[in-house]
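If you want the building blocks of each chain, they are given just below.
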Amino acid sequence: AVCGPFEHLFSSLSYFGILEERYAKCFRIEAYVELGSWLLVTSSLLLMLQFHFVSSAAKQLIDDEKSNSESSKLDIEEVRSTAEGQKAVTSINPRFTDYYSFAVVKVQKRLSQDEVEL
């Protein structure tokens, strides 16, 4: 099939002594992927998803702590003033809670009487 056109060439090269008889044949390899290769690719993809999950959660935690320390809350849209006194609306990038809303639980914290007095 693949080596058919070369059989005459190889027999001629062998006949004239250019190639040894054992080398006067077509080289063929059948390639295939082992199960372990598929497992390696799958586990790499799962590790990539896990890394994105953990790193985006950590980034939002750091951003939230930074925001709380500055006594300002991040809204969906921040309003900033331009040089002309007009207000421009800029949006923030999607956060962990936007991507993975199924993985978070909303908890309302009740303040104790001591915390209210502070």
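Everything here concerns the structure above.
Definitions and limits used
- Residues numbered from 1 in each chain as written.
- Predicted model: local features only at pLDDT ≥ 70, side-chain atom pairs only at ≥ 80, totals over all residues.
- Heavy atoms only, no water.
- Helix = DSSP H or I, 4+ residues; strand = E, 2+ residues; numbered from the N terminus.
- Buried < 20%, exposed > 50% of the residue type's maximum accessible area, 1.4 Å probe, protein only.
- Contact = heavy atoms within 4.5 Å.
- Phe/Tyr/Trp six-rings, centres within 6.5 Å; stacked < 30°, edge-to-face > 60°.
- Salt bridge = Lys/Arg side-chain N within 4 Å of Asp/Glu carboxyl O.
- Disulfide = S-S within 2.5 Å.
- Patch = residues over 30% accessible without salt bridge, like charges linked within 9 Å, V, L, I, M, F, W, Y side chains within 5 Å.
- Areas by Shrake-Rupley, 256 points an atom, 1.4 Å probe, with all protein chains shown as cover.

Novice: So what exactly am I meant to see when it comes to the overall build of the chain here?
Specialist: Along the chain, the regular secondary structure elements total four helices and two strands. Secondary structure elements of the chain, listed N to C terminal, follow the sequence α-α-β-β-α-α. For the chain, the proportion of its 118 residues judged to be buried stands at 8%. Residue pairs at least 24 apart in sequence account for 30% of intrachain contacts in the chain once pairs closer than 6 positions are excluded.

Novice: Would you take a moment to explain the packing of aromatic side chains for this structure?
Specialist: In this description, an aromatic ring pair is defined by two values, namely the gap between the centres and the angle between the planes. Going through the model one piece at a time under the given rule, you end up with seven aromatic pairs. Their ring planes at 45 degrees and their centres at 5.2 Å tell us that Phe96 and Tyr100 sit as a pair that is tilted. Phe96 sits in the buried class, given a relative accessible area of 9%. Under the relative-accessibility criterion, Tyr100 is labelled buried at 13%. Among the aromatic residues, ring-to-ring pairing joins Phe53, Phe96, Tyr99, Tyr100 and Phe102 into one connected group.

Novice: What exactly am I supposed to notice about the pattern of salt bridges here?
Specialist: Side-chain pairs of opposite charge can arise where the charged atoms are in close proximity. Applying the stated criterion to the full structure yields three salt bridges. Across the salt bridge formed by Arg22 and Glu20, the nearest N and O atoms sit 3.1 Å from each other. Looking at Arg22, the relative accessible area reads 54%, which means it is exposed. Of the charged contacts, one joins Asp63 and Lys59 as a salt bridge, the two residues approaching to 3.1 Å between their closest N and O atoms.

Novice: Explain the state of the cysteines here, please?
Specialist: Working definition of a disulfide: a covalent bond connecting the sulfur atoms of two cysteines. Applying the stated criterion across every chain, the model contains one disulfide. With a sulfur-sulfur separation of 1.8 Å, Cys3 is cross-linked through a disulfide to Cys26. Judged by the torsion about the S-S bond (-65 degrees), the Cys3/Cys26 disulfide is left-handed. With a gap of 23 residues between them, Cys3 in the segment before α1 (7-15) and Cys26 in the loop between α1 and α2 (35-69) connect regions that are remote in the sequence. Judged by its relative accessible area of 18%, Cys3 is buried. When its relative accessible area of 30% is taken as the criterion, Cys26 is described as partly exposed.

Novice: What am I meant to see in a nonpolar patch on the surface here?
Specialist: Residues Val41, Leu45, Leu46, Met48 and Leu49 make up a contiguous nonpolar surface patch of about 500 Å² in total accessible area. Here Leu49 lies in helix α2.

So far we have only geometry, and geometry alone does not tell us how the molecule works.
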